[in-house]
Amino acid sequence: MIIKILKAIKNAVDPNYWASRIGEKSGLYDKARNSKTRQWADSLEGWKWWVWQLGVGLIGVIIAEYLLNLIGMSMLPWG
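Residues numbered from 1 in each chain as written. Predicted model: local features only at pLDDT ≥ 70, side-chain atom pairs only at ≥ 80, totals over all residues. Heavy atoms only, no water.

**Student:** Would you mind going over a nonpolar patch on the surface with me for this structure?
**Tutor:** Together, Ile59, Ile63, Tyr66, Leu67, Leu70, Ile71 and Met73 make up a nonpolar patch on the protein surface, roughly 760 Å² of accessible area in all. Relative to the assigned elements, Leu70 resides in helix α5 (residues 47–70). (Patch = residues over 30% accessible without salt bridge, like charges linked within 9 Å, V, L, I, M, F, W, Y side chains within 5 Å. Areas by Shrake-Rupley, 256 points an atom, 1.4 Å probe, with all protein chains shown as cover. Salt bridge = Lys/Arg side-chain N within 4 Å of Asp/Glu carboxyl O. Helix = DSSP H or I, 4+ residues; strand = E, 2+ residues; numbered from the N terminus.)

This is the structure:
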């Protein structure tokens with residue numbers, strides 16, 4: 001009984017729980033799994049996979065850092 005209560009409290013304050021619940025109920029996870037971009041990215045091998053992962057990841061970090069800097073925050077420890 002106490003374990004169920006504790007699990008309910010944990011789920012209520014866990015953003016990952018709510019994100020997965022919303023993603024599954026809305027069907028967005030299925031759309032992402034079946035997208036053409038996902039299929040293309042999964043077919044990459046070798047250096048092309050690394051360029052895709054690092055290139056897009058680096059651009060994403062730069063954009064996120066820029067947007068955070070606009071509101072006076074930083075995700076980089078030295079920023």
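**Student:** How should I be thinking about the side chain of Glu65 in this particular structure?
**Tutor:** For Glu65, the position within the fold is in helix α5. Put simply, Glu65 is tucked away with no salt bridge, and the nearest opposite charge, on Arg38, sits 26 Å away. (Buried < 20%, exposed > 50% of the residue type's maximum accessible area, 1.4 Å probe, protein only. Lys, Arg positive; Asp, Glu negative; His and termini not counted.)

**Student:** Where do I start with the packing of aromatic side chains in this structure?
**Tutor:** Geometrically, a pair of aromatic rings is defined through the distance of the ring centres and the angle of the planes. One pass over the structure, following the stated rule, counts three aromatic pairs. Both rings, one in Tyr17 and one in Trp18, keep their centres 5.1 Å apart while their planes meet at 80 degrees; by these two values the pair is edge-to-face. Its relative accessible area of 27% is what places Tyr17 among the partly exposed residues. The exposure class assigned to Trp18 is partly exposed, which follows from its relative accessible area of 38%. On the numbers, 4.9 Å between centres and 85 degrees between planes, the contact of Trp49 with Trp50 is edge-to-face. (Phe/Tyr/Trp six-rings, centres within 6.5 Å; stacked < 30°, edge-to-face > 60°.)

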